[in-house]
Structures are given as C-alpha cells and as structure tokens.
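Here is what each chain is made of, one letter per residue.
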Amino acid sequence: MGATNGMDGITVNGARLSARLADLAEIGAIPGGGVSRLALTDGDRAGRDKVVGWMRDLGLAVSTDAIGNVVGVRAGTGDGPPVMAGSHIDTVATGGRYDGNLGVLAGLEVIATLNDAGLKTRRPLAVAFFTNEEGARFQPDMLGSLVYVGGLSLDSALNTRAIDGARLGDELMRIGYAGDAPVGAPQIHAYLELHVEQGPVLEEEGIAIGAVEGVQGISWTEFVIEGQSNHAGTTPMRLRRDAGLVAGQIAGFARQLAEEAGGDQGATVGALTLSPNLVNVVAGRAVMTVDLRNTDEAVLQQVEGRLFAFARDAAAAEGVRLSRRTLARFEPVAFDRHLVGRVAGIARDLGLSVRTLPSGAGHDAQMLARVCPAAMIFVPSVKGISHNVQEFTAPEDITAGANVLLRLMLELADPREDSGI
Ligand code: GLV
Ligand code: MN
Ligand code: MN
C-alpha cells in the first residue's frame, strides 16, 4: 500500500542526501568528524545560511519567525496546511553530523526528488528547522518548537540567558535570524521527523527502521551549592563546609536512584563546576546539573522528589546553602497512533525491518505533537553513540529512512479516502 497518482516506486537520491550532510558538517567541523554549532553562534548562522540557500535553490518559499525558526514551503495543487518535515541544525559543542541535520536535509531531499520527477502534491509540503533544539547553550531544549506551539511566550524565550551570559534575543538579532513571520505559522497538517536513534536498540537487533511511539519525560535541574572555601591543609574536617562534597554526594545519589528505579530511568550529571577549582582549596561553590528521564511520568516525579529531598538533607548535614532551578521539564509524549502505524507499514512495504520503540532523546516532534499529528522515523546509530564526534549512521540506513519519510509525506499530502488523517 503506497501513495497513489503514479508516485509509487519513486525513491530519494541517497548519494545527494549524504553529500549535503557532509557539506553541512564542514561548517563548525571539529576533529574526529564531528560538528560544533551551538545555537545562535556564528557557526549556527553559517549553517542556517547554507540550508536556507538550499531551500531557495529548491524553489521553497522561505520564512523566518521571531524566534528564528525557519520554514520553507512548496506549494501544493490545493490549499491548506502543509505536511511538514523538520528537525534542527544546532548541535551540542561535541556533536555529530547526523543529530537533527538528517531530519532537515532528508526533508530537502524529498523536495528535490519530487522536483526532479516533476511531481506536485495536493497539500503543500514544508521543511523546517527550529531554533535551539539542543538546549546546550540556552535552556530549555526544543525552545524554538516550544514557542512555535505556544508552550513558551516569545518574550520569555527572547530573554533567556545562555550559559555564556548572552541574551537569546540579542544573539538572534546579531546573526540576522530575528524574522518577521508570525510565530506558529504556518499551521501544520502533520509533522514528521527523521532522526538517528542515538541509542543502541536498532543496531543491536539488526533493524533498519524505528517507528517511534513517543518521547520520554525530561527533567533538568540546576543546583547551586554555596559553602566556604578554605585551606585544604589546615581546615579540620569537622569545620568544613564543602560544596564539592555535596555535589559529589548528589551525583552519586542520582546514579543510585536510577539503578533503584530500574527500567529506562536515566540520571546524568552532565555539568559540574567547582570554585575556585584548585587542588589545595576546599570548594566554596558548586554549580551542577542533573538530567532525569523516564517514559513513566509518575516514576519520574518520584525520582525527582527523592533527589530533591536528598540534596536538601546533604546540604544541611554539611552546613552549605543549596538552591535549585528547573532548566527544563517536559512530560512524556505519545505520537499519533495512526502515523506510527504508517511508519511501520511503509517500512514493511519497502522490505525494511521495523520495530516500535520510545525515544530517549528530546525532539522537536514532541512539541509539534501538541498542535498536529506527529511522528518520528528512527534509523540506527552505530554503537548507539551520539552527542559525540563518533556519531555515525550508514548511508544505506539514511537512504532507507529518507524513503520512508518520502512515502509518508506523499501519502499525507495526496491522501486517499481512507488515509485516516
Ligand atoms: C536534546 O536533544 C536532548 O535530548 O538532550
Ligand atoms: Mn536531535
Ligand atoms: Mn541532540
């Protein structure tokens, strides 16, 4: 069962998609084959310029909204909201070349394939990239898509401070991506995101395509611990108010919590700064982050509660001050059941092995799911490595994922009576 109107049998040009991925990865390239294009840096601007250039070359009508989300639209033979493919092109500082970039460039490959074939769809098609998906420089993550769907006010988003102190709105102006398109436009008929799995499941099981059922809940907390810096040689242990000790205890407890909760509970202390950070000085201040994730909201809330209580007690026992701030908090999201089923069905029609699975990482699709039917297609990540320069997905897996995306976009943009959307 595939798209109608002579579109069966059409396939993407995998070599062209891989060439675009390699081309974009040259911007912000770092040793080992990775990419560093933190949101709204000069690297991000150069990456955006390149992708916008490709959008224009492909004949898309490009618009940028006030939070810097960029949408390129290909007109349909009819009106109505477009079927959108999207993702992000910002990266973490130690990023790979596939995370996010694949979803955007695969969307462009779908457009290029239809242009080559001279095929029109009834509904318009769109390809989008959203600002600051990674959340590595500005929190929360998925910020641009969250604003797009009305989950965060434009003002709050523009006033967000980066880890380097810069104001998001100023950075957006500086790189020339504070646009004038209305936020949240266009409305979307359905949203699809092709992404690398970033985990080990598909590779371990030898499966080509993941039909993503949903995204786990995300909880990011920053703790600031303030004690007393003092001489490491002369300060008796009984007189210490050691911020470093409490940070270490919180980190150890976070791991213990994840092990006790079992299942797919994750706990990560990804950032920890001690001050003054010297070998012979008791740390007077510690700033740390804890990332907790679970597909089960109730378990996630229990784990958060236990972590916060432990941190409070550990700080009191050491006589240090503790404050905490939520950097991001999103409940688990379920994707549209019909679309998840179509990802699996199309994969099977194409002779590809497929399984359903949840996403461990956050994605723009989880935000778009608030305003339209949304789904994701995963392709295998070698050794499950991501947010690392070694991130790799084989070209044939990329091509397979892009062909599933193409088929589903066609099916949704030129629907048969019984397509269900
Ligand atoms: C964002 O992409 C995350 O899952 O950390
Ligand atoms: Mn991503
Ligand atoms: Mn990422």
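Since we're looking at a predicted model, the values are computed, not measured.

Chemist: Explain the side chain of R293 to me, and be specific about the residues and the numbers.
Modeler: The topology assignment puts R293 in strand β14 (residues 285-294). A residue is classified by how much of its surface remains accessible, and R293, at 15% relative accessible area, is buried. Each residue touching R293, except ones within four places of it in the same chain, is listed here: Q216, G217, I218, W220, D264, Q265, G266, L300, G360, A361 and G362.

Chemist: So, the pairing of strand β9 (residues 217-226): which residues are in play, and what are the values?
Modeler: Of all 10 residues making up β9, 9 are buried, and the element is well covered by its neighbours. By the bridge criterion, 10 bridges tie β9 to β14 in an arrangement that is antiparallel. When the sheet's bridge partners are listed, F223 is paired in β14 with M288. The sheet contact formed by β9 and strand β15 (residues 321-330) spans 9 bridges and is antiparallel. In the strand pairing of β15, E222 is matched with R325.

Chemist: Pulling in residues and values, what's your account of the coordination of the manganese ion (ligand 3)?
Modeler: Protein coordination at the manganese ion (ligand 3) comes from D99 (OD), E134 (OE), E134 (OE) and H387 (NE2), with a distance range of 2.1 to 2.4 Å. All donor residues of the manganese ion (ligand 3) come from one chain, and their arrangement in sequence is D-x34-E-x252-H. The two metals, the manganese ion (ligand 3) and the manganese ion (ligand 2), are separated by 3.7 Å and share D99 as a common coordinating residue. One end of the pair, D99, is in the loop between β5 (83-87) and α3 (101-117); the other, H387, is in the loop between β18 (374-379) and α12 (395-413), and 288 residues separate them in sequence. With a relative accessible area of 5%, D99 lands in the buried category.

Chemist: Can you explain the nonpolar core? Please cite residues and give values.
Modeler: V51 and I209 are the most contacted members of the largest nonpolar core, which has 102 residues in total. With 11 residues, α12 is the single largest residue contributor to this core. Both domains that meet at this core, namely domain 1 (14-216 + 332-413) and domain 2 (217-330), each give it at least three residues. If sequence neighbours within four positions are ignored, V51 has contacts with L24, I89, V104, L105, L108 and F129. Core analysis: the second largest hydrophobic core is formed by 21 residues, A243, I250, V290 and A311 among them.

Chemist: Run through the environment of G179, naming residues and quoting values.
Modeler: With respect to the helices, strands and loops of the structure, G179 is situated in the loop between α6 (168-174) and β7 (190-196). With relative accessibility at 23%, the residue G179 sits in the partly exposed group. Residues G179 and F392 lie 213 residues apart in sequence; the distance between their C-alpha atoms is 33 Å.

Chemist: Can you tell me about the coordination of the manganese ion (ligand 2), naming the residues and giving the values?
Modeler: The protein atoms that coordinate the manganese ion (ligand 2) are H88 (NE2), D99 (OD) and H195 (NE2), at distances spanning 2.0 to 2.3 Å. Along the chain, the residues donating to the manganese ion (ligand 2) fall in the pattern H-x10-D-x95-H. By relative accessible area, H88 is classed as buried at 0%.

Conventions we followed
Residues numbered from 1 in each chain as written. Chains lettered and ligands numbered in written order. Predicted model: local features only at pLDDT ≥ 70, side-chain atom pairs only at ≥ 80, totals over all residues. Heavy atoms only, no water. Helix = DSSP H or I, 4+ residues; strand = E, 2+ residues; numbered from the N terminus. Buried < 20%, exposed > 50% of the residue type's maximum accessible area, 1.4 Å probe, protein only. Contact = heavy atoms within 4.5 Å. Pairing = 2+ DSSP bridges. Donors = N, O, S within 2.8 Å, 3.2 Å for Na, K, Ca; no water. Core = buried A, V, L, I, M, F, W, Y, C linked by side-chain atoms within 4.5 Å. Domains from an automatic or database assignment.

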